[in-house]
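# A structural walkthrough
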2 protein chains.
Amino acid sequence: MIDASAKPFRKVALIGCGLLGSSLCLDLRQAQSALQISGYNVPLADAQRAQALGVIDQAYAELAQAVDQADLVILATPVGAMAELMVAMAEHLLPDCIVMDVGSVKGAVVKASERLGSMQSRFVPCHPMAGGHHSGCAHARVGLFSKQCVWLTPTSNTDPRAVERVTQLWRALDAEIRIASAQAHDEICAANSHLPHLLAFAFMNSVAEHPQKDMILQSAGAGFRDFSRIAASSPALWNQIFKNNAHALLKSLHSFRQCLQQLEIAIQSTNEDSALLEAIATSQKCRQAWDHLQLSV
Amino acid sequence: MIDASAKPFRKVALIGCGLLGSSLCLDLRQAQSALQISGYNVPLADAQRAQALGVIDQAYAELAQAVDQADLVILATPVGAMAELMVAMAEHLLPDCIVMDVGSVKGAVVKASERLGSMQSRFVPCHPMAGGHHSGCAHARVGLFSKQCVWLTPTSNTDPRAVERVTQLWRALDAEIRIASAQAHDEICAANSHLPHLLAFAFMNSVAEHPQKDMILQSAGAGFRDFSRIAASSPALWNQIFKNNAHALLKSLHSFRQCLQQLEIAIQSTNEDSALLEAIATSQKCRQAWDHLQLSV
């Protein structure tokens, strides 16, 4: 439930009617029945689909119309589209409007928010770690953010009152807030989310190219299933995440390559040493530590 | 149910009382109540634990005693221990005894089976693709092999009657049999099981070494969870799988590295080309093809 003491939003504009934005609107709508939600999407058909599903009240083909009179704008497009949208919406925003995003990369989005001009201080960069490999408003659901980690990466220019209201919004959805600099966020997400996606994509491409591809797929088991699940993620989304977080991602990739090479050398070694066993044990221990962390939450 | 027309086994010897062997014995025991099962394990305590759990009837500290009078010996130790065990058991086996294993690597095991001497023709190499990242007889369960793929890799020397009886055994447990050469098996499993494990271990080691390790683990989401699950697998088991399937694994690793490098180049590229998008789309398509394959089974 939205905290009754918090000032409610009157009109929300959802820019980008995909899984995250649509799920967020379903949550907000459930918490506050009188809320008006307008939607904008390229192509428009996806906004119309969101309207048909009850995610938004009205789909607009014009961005200016969608954000008109809104006191909360939710930017939920792929990251690469945000700068242009910010330029286009800036002059149509109410002075007390709050703008937030749900992008997986924060440095590039904070940089893009300069395009909001005087409204930049009202922009609160957010990254809810939720979603999965499905995309589109048809997969949206109430409660997607419950118990999930949501990063906020305000800058020294961000209006603290805007941060406070966005924090209240996420808390009301039972999300777990983490505050960090955009750079720290991008390095951490490169390591625990972007790198696994990159590796899963590369792995699946190596399967796709294999002369025994059919037999490999037909006989694959549970390890394959879980390891490669994220390889089915949206190309449009991940193309932009990789491009916009390239520096931190390639740094994580470098560390991974070193660990992989150590394992390879240990596999090739004909010495009766325990280097391989110990390297795998380090991995097991770290993964089990994560499991225990989950149980203790 | 065991096919009533099939000749039942009278006494089974389980060599290695871990997850796979113990689960197999639970299945056999359920299908045939009069079955006697002896067990051998180094350390002995694990065989005693299996006895306490009802997996085996009697734990033996001597291999010769465990296999005495057995008409089926199940080798379920790590792959690297099998050659020595085969030498040690050979002279104690009944002439009509069948020996099978459940190892994840087949070339090295077929090679090791030469150590059975005249009993080599009664050895049926098996690899049930079941288990997961848990290990030990405490995790054993009835039905572990149901609907799972089980590879049989008999050679031209293998007695067809032994293959037939082992095939019946697995079919009775509702497993899906695949016959292949040991080499073909090892290449396919390198690609769809051993390589993902290697990558998950290397990934988790890179996290373990990261200066922000704690924050990385604390904020990791569902993608991390599934991708890294197999990184918690048994070091003793995977050390031996990697060492015994090094050639095929490093060949798969080579293909993976090429795909990874193509993605890296596409990420670094400042051209407005679609190479990255297309590479991710190839991955998504291949993974979705696997999902459809599962649905159609």
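Look up: the structure comes first, before these words.
My aim in this report is to walk through the structure given alongside it, one point at a time. (Residues numbered from 1 in each chain as written. Chains lettered and ligands numbered in written order. Predicted model: local features only at pLDDT ≥ 70, side-chain atom pairs only at ≥ 80, totals over all residues. Heavy atoms only, no water.)

Moving on to the relation of the copies chain B and chain A. Mapping chain B onto chain A is achieved by rotating through 180° and translating by 0.0 Å along the same axis, at an RMSD of 0.0 Å. What the superposition gives is, in effect, a two-fold axis relating one chain to the other. When C-alpha distances to the rotation axis are compared across chain B, the minimum falls at Phe227 of chain B, with a value of 2.0 Å. Comparing interface residues between copies, 100% of those in chain B also lie at the interface in chain A; the contact surface is shared. (Least-squares fit on C-alpha atoms with pLDDT ≥ 70 in both. Contact = heavy atoms within 4.5 Å.)

Moving on: the packing of aromatic side chains. Under the defined criterion, the tally for this structure stands at 13 aromatic pairs over all chains. Measuring from centroid to centroid gives 5.9 Å for Phe203 of chain A and Phe224 of chain A, while their planes differ by 65°, and the two rings are edge-to-face. Here Phe224 of chain A lies in helix 9 (residues 222-228) and Phe203 of chain A lies in helix 7 (residues 182-209), a separation of 21 residues in the sequence. Side by side, Phe203 of chain A and Phe224 of chain A carry an identical accessibility label, which is buried. On the basis of an interplanar angle of 85° and a centroid distance of 5.3 Å, the ring pair of Phe203 of chain B and Phe227 of chain B is categorised as edge-to-face. (Phe/Tyr/Trp six-rings, centres within 6.5 Å; stacked < 30°, edge-to-face > 60°. Helix = DSSP H or I, 4+ residues; strand = E, 2+ residues; numbered from the N terminus. Buried < 20%, exposed > 50% of the residue type's maximum accessible area, 1.4 Å probe, protein only.)

Moving on, we come to the sheet that holds strand 7 (residues 126-128) of chain B. Residue and element names in this part refer to chain B. Taken in spatial order, the three strands line up as 7-8-9 in an open sheet, and their pairing is mixed. Looking along the sheet, the strands with just one partner apiece sit at the ends: strand 7 and strand 9 (176-179). When the angles between neighbouring strand axes are averaged without regard to direction, this sheet yields 20°. Alignment of strand 8 (residues 149-152) against strand 9, held across four bridges, turns out to be parallel. In the sheet register, Trp151 faces strand 9, and the bridge partner there is Arg178. Against the sheet, helix 6 (residues 160-172) engages strand 7, strand 8 and strand 9, with an angle of about 175° to strand 8. (Pairing = 2+ DSSP bridges. Axes fitted to C-alpha atoms, helices over the stretch in contact; angles between N-to-C directions.)

Another point: the sheet that holds strand 8 (residues 149-152) of chain A. By way of backbone hydrogen bonds, the strands of a sheet pair with one another, either parallel or antiparallel. All names here are of chain A. An order of 7-8-9 is seen for the three strands of this open sheet, with the pairing classed as mixed. Taken across any chain shown, the strands that pair with only one partner, and hence form the sheet edges, are strand 7 (126-128) and strand 9 (176-179). Between one strand axis and the next, the sheet turns by 20° as a mean value, whatever way the strands run. Of the pairings in the sheet, the one linking strand 7 to strand 8 comprises three bridges and is antiparallel in character. If you follow Pro128 over to strand 8, its bridge partner there is Val150.

Ile15 and Phe256 of chain A together with Ile15 and Phe256 of chain B are the most contacted members of the largest nonpolar core, which totals 132 residues. Discounting chain neighbours no more than four positions away, the residues touching Ile15 of chain B are Tyr40, Leu63, Ala66, Val67, Val73, Ile74, Leu75, Ala76, Thr77, Leu85 and Met89 of chain B. (Core = buried A, V, L, I, M, F, W, Y, C linked by side-chain atoms within 4.5 Å.)

What follows deals with the environment of Val99 of chain B. As for its position among the elements, Val99 of chain B is in strand 5 (residues 98-101). In contact with Val99 of chain B, not counting residues within four places along its chain, are Val73, Leu75, Leu93, Arg122, Phe123 and Val124 of chain B.

To continue, consider the interface of chain B and chain A. At the interface, 82 residues of chain B touch 82 residues of chain A. Between chain B and chain A, roughly 7,600 Å² of surface is buried when both sides are summed, and carbon and sulfur atoms account for 69% of that area. Between chain B and chain A we count four salt bridges in total. The salt bridge involving Arg257 of chain A is made with Glu264 of chain B; its shortest N-O contact spans 2.9 Å. Elements with a minimum of two residues in the side of chain B that touches chain A: strand 8, helix 7 (182-209), helix 8 (213-218), helix 9 (222-228), helix 10 (235-244), helix 11 (246-268) and helix 12 (275-296) of chain B. Tallying contributions element by element places helix 7 of chain B first for the side of chain B that touches chain A, with 17 residues. (Buried area = accessible area lost by both parts, 1.4 Å probe. Salt bridge = Lys/Arg side-chain N within 4 Å of Asp/Glu carboxyl O.)

The next subject is the packing of helix 7 of chain A against helix 12 of chain B. Packing of helix 7 of chain A against helix 12 of chain B brings their axes to within 8 Å, and their N-to-C directions diverge by 70°. As the angle between them shows, helix 7 of chain A and helix 12 of chain B are arranged roughly perpendicular. Like other packed secondary-structure pairs, helix 7 of chain A and helix 12 of chain B cross with a definite hand, here left-handed. Within the contact between the two elements, helix 7 of chain A uses Ala200, Phe201, Met204, Asn205, Val207 and Ala208 of chain A and helix 12 of chain B uses Ala279, Ile280, Thr282, Ser283, Cys286 and Arg287 of chain B. The residue makeup of the contact of helix 7 of chain A with helix 12 of chain B, split by class, is eight nonpolar, three polar and one charged. (Parallel < 35°, antiparallel > 145°, perpendicular 65-115°, else oblique. Left-handed = near helix turned anticlockwise from the far one by under 90°. Nonpolar A, V, L, I, M, F, W, Y, C, P; charged D, E, K, R; others polar.)

Where helix 7 of chain A contacts helix 11 of chain B, the axes come no closer than 8 Å and their chain directions differ by 125°. What the angle tells us is that helix 7 of chain A and helix 11 of chain B run oblique. In terms of crossing hand, the pair formed by helix 7 of chain A and helix 11 of chain B is right-handed. Between helix 7 of chain A and helix 11 of chain B, the residues in contact are Leu198, Leu199, Phe201, Ala202, Phe203, Asn205, Ser206 and Glu209 of chain A and Ser255, Phe256, Cys259, Leu260, Gln262, Leu263 and Ile267 of chain B, respectively. Residues of the contact of helix 7 of chain A with helix 11 of chain B, tallied by class, amount to ten nonpolar, four polar and one charged.

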